[in-house]
Amino acid sequence: MGKVYVITSGKGGVGKTTTTANLGVGLAKKGSSVVLMDADIGLRNLDVILGLENRIVYNSMDVMMGTCRLKQALIKDKRYDKLFLLPASQTNDKMDVSPEMMTKLVAELKEKFDYVLIDCPAGIEQGFKNAIVGADEALIITTPEISSIRDADRVIGLLAASEMGEIKLIVNRIKMKLVNEGNMLHMDDIVDILGLDIVGVIPDDEEIVISTNKGEPVSVKAMSPSGKAYMNIAGRISGEDIPFLNIDEKISLASKFKNFFSR
Amino acid sequence: MGNNVIFKGSNGKLIIILNPTIPFQELKDHLVKKLEKSKQLLMGYETALEFKGREISEEEELELLDIVNKTVDINILFVSDGNELASKEIKDVVNIVSEGMTKFHIGTLRSGEILEYPGNIVVLGDVNPGSIVKAEGNIVVIGTLNGVAHAGTEGNDEAFIVASNMNPFQLKIDEILFKNYSSNILFRSKQIIRNKNNIAYLKNNILIIDKLTRKTLQNIVTT
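Let us look at the structure shown here. (Residues numbered from 1 in each chain as written. Chains lettered and ligands numbered in written order. Predicted model: local features only at pLDDT ≥ 70, side-chain atom pairs only at ≥ 80, totals over all residues. Heavy atoms only, no water.)

**Examining the overall build of chain A**
Reasoning step 1: A count of helical and extended segments in chain A gives 13 helices and eight strands.
Reasoning step 2: For chain A, the C-alpha radius of gyration of 19 Å lies close to 18 Å, the compact-globule estimate for 263 residues.
Reasoning step 3: C-alpha atoms of chain A, sized along the principal axes, occupy 75 × 40 × 30 Å.
Reasoning step 4: A burial count over chain A gives 54% of its 263 residues as buried.
Reasoning step 5: Summarising the internal contacts of chain A: among those between residues at least 6 apart in sequence, 76% fall at separations of at least 24.
Reasoning step 6: Of the roughly 12,200 Å² of accessible surface on chain A, 51% is carried by carbon and sulfur atoms. (Helix = DSSP H or I, 4+ residues; strand = E, 2+ residues; numbered from the N terminus. Rg over C-alpha atoms; globule rule 2.2 N^0.38 Å. Buried < 20%, exposed > 50% of the residue type's maximum accessible area, 1.4 Å probe, protein only. Contact = heavy atoms within 4.5 Å. Areas by Shrake-Rupley, 256 points an atom, 1.4 Å probe, with all protein chains shown as cover.)

Below is the structure:
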């Protein structure tokens, strides 16, 4: 029996799809069998990020309607044998799916894979409700921006009221330069406000834009700062004890010199 | 156990709402259980009492009163029959702000959540931006108050609001509103050292926010 995670945020554009893809790659690299499920019906993106858009024949809607078998809809990743994508329908919308349909599909996936990662759509309406219904645990993605944190707080409240298991936090797109200037919230502030355990911090990285357009998630090569951060998160999820990247160090060293010379 | 017996504090009166259909013996058991659980909360309480939600005979009412008297240590001033006794007598005897029923909320109030109570409220946790706390009595937050807090909602200008970290968007005591124009509501690492244990109260219809020191307390007490 596998574990089902829903990756959600409330706010749009904070990195749910990117995180789902990169986490999936990370877990597959470590030897687990993973299925990534795009729950953003009508506005699918997970396939694009993985570079698998031209391989889609069937989607999750087809499976739920009985038009095809699950196996026919699953797309194997071009790089990793154990990584699969279950794409969303682009021609339907979220009102076409019910929580019961999702529960059944997720239960089927859970039996076949070590990890099921559900890419939740933005918002708190039907799409969100469908995406969370089959999940064991939730990963909340937030950026260090007030609007993102407000939405995350709302979502956490809703998840806590439903029967969700553990809820953990990932802070995305942090810029330590701004944090040290006092112009961006520090991870500790965010943890303090949201009251969740943090499972990863991902620095803002230009490589993400490049990787999206190429269809190759950063954690494939895992050379860039974000790629390394994603691999660490995959490790922590798998149960490894990985300390947090001290993104502070580089800057605090420079500021030590600055103070010395400014005397 | 379910909600066959519900306690409600309202305007200095303890209302016990009873399930109308379950057998009387069962109801008595539920009442005992609920009273046992609220023992600490009700200890030493002086209040008017009212039974609601179920047709009961005089003998049944006496039985229930007996149970209340035996299970908890409260002083029942009189038993109301539901007709609004908004007389001065009740108000003099039980002042919510100094002796009212209190709701304890353990945990953080998240954005979008509303906590309302016809008595005092104590929050052990934070009140996050986007959440609202409304009390007829006082509000005490052992944590960070960032959202909106409204105390003394039914015209009680003696109500106060206390917070370990007072940084709300808005405060209201009775009808007097305070809007927080300072920015950086969320930059807690900067805030926590500066603001510690503050109290907001009304003095001559002005809302004052002060550190919770002996001097402040003296200022509040002296009219």
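Don't stop here, the text continues.
**Some remarks on the pairing of strand S2 (residues 34-38) of chain A**
Consecutive residues of a regular strand have side chains that alternate between opposite faces of the sheet.
All names here are of chain A.
Reasoning step 1: Counting buried residues along S2, five of its five residues qualify, which places the element largely inside the surrounding structure.
Reasoning step 2: The alternating pattern of S2 places Val-34, Leu-36 and Asp-38 and Val-35 and Met-37 on opposite faces, both of which are buried.
Reasoning step 3: Both S2 and strand S4 (residues 83-86) contribute to a ladder of four bridges, which runs parallel. Residue pairing in the sheet places Val-35 in a bridge with Phe-84 of S4.
Reasoning step 4: As paired elements, S2 and strand S5 (residues 115-119) share five bridges and run parallel to each other. (Pairing = 2+ DSSP bridges.)

**What to know about the interface of chain B and chain A**
Reasoning step 1: In this assembly, 14 residues from chain B lie in contact with 16 residues from chain A.
Reasoning step 2: Counting the surface lost from both chain B and chain A, the interface buries some 1,300 Å², and carbon and sulfur atoms represent 51% of this.
Reasoning step 3: Linking chain B with chain A are one salt bridge.
Reasoning step 4: Note that Asp-153 of chain A is salt-bridged to Arg-110 of chain B, the shortest N-O span being 2.7 Å. (Buried area = accessible area lost by both parts, 1.4 Å probe. Salt bridge = Lys/Arg side-chain N within 4 Å of Asp/Glu carboxyl O.)

**Overview of the sheet that holds strand S5 (residues 102-106) of chain B**
Residues and elements named next belong to chain B.
Reasoning step 1: Ordered in space as S5-S7-S9-S11-S14-S15, the six strands form an open sheet in which the pairing is mixed. Single-partner strands in this sheet number two, and they are S5 and strand S15 (206-211). Across the sheet, the mean angle separating the axes of adjacent strands is 20° when strand polarity is ignored.
Reasoning step 2: With five bridges connecting them, strand S9 (residues 139-145) and strand S11 (residues 161-166) associate as parallel partners. Counterpart to Leu-145 in the pairing with S11 is Met-166.
Reasoning step 3: Seen against the sheet, helix H7 (residues 214-221) touches strand S14 (198-203) and S15 and runs at an angle of roughly 25° to S14. (Axes fitted to C-alpha atoms, helices over the stretch in contact; angles between N-to-C directions.)

**Focus: the side chain of Thr-20 of chain A**
All names here are of chain A.
Reasoning step 1: Residue position: Thr-20 is located in helix H1 (residues 16-29).
Reasoning step 2: On the basis of relative accessible area, Thr-20 is assigned to the buried category, the value being 0%.
Reasoning step 3: Contacts of Thr-20, omitting those with residues within four sequence positions, involve Ile-7, Leu-36, Leu-46, Leu-117 and Asp-119.

**As for the packing of aromatic side chains**
Reasoning step 1: Going through the model one piece at a time under the given rule, you end up with two aromatic pairs over all chains.
Reasoning step 2: Lying across the ring of Phe-244 of chain A, Arg-236 of chain A places its NZ or CZ 4.1 Å from the centre. (Phe/Tyr/Trp six-rings, centres within 6.5 Å; stacked < 30°, edge-to-face > 60°. Lys NZ or Arg CZ within 6 Å of the ring centre and 35° of its normal.)

**Details of unusual backbone geometry**
Reasoning step 1: Notably, Ala-222 of chain A is not glycine yet its phi reads approximately 50°, a positive angle.
Reasoning step 2: We note that Asn-204 of chain B has phi near 50°; this positive angle belongs to a residue other than glycine.
Reasoning step 3: Mapped onto the secondary structure, Asn-204 of chain B falls in the loop between S14 and S15.

**Brief notes about the nonpolar core**
All names here are of chain A.
Reasoning step 1: Counting residues in each nonpolar core, the largest one holds 50 residues, and the members touching the most others are Val-6, Leu-86, Leu-109, Ile-118, Ile-140 and Leu-159.
Reasoning step 2: Of the residues forming this core, the biggest block, five residues, is contributed by helix H7 (residues 146-161).
Reasoning step 3: Among residues more than four places away in sequence, those in contact with Leu-109 are Val-35, Met-37, Leu-70, Leu-74, Leu-86 and Val-116. (Core = buried A, V, L, I, M, F, W, Y, C linked by side-chain atoms within 4.5 Å.)

**Digging into helix H9 (residues 187-194) of chain A**
Residue and element names in this part refer to chain A.
Reasoning step 1: The set of residues buried in H9 consists of Met-187, Asp-189, Ile-190, Ile-193 and Leu-194. In an axial view of H9, the angular spread of the buried residues amounts to 160°, which keeps them on one side of the axis.
Reasoning step 2: Gly-195 sits one or two positions beyond H9 and adopts a positive phi of about 65°. (Arc of directions from axis to C-beta.)

Purely geometric stuff here, so don't read any function into it on its own.
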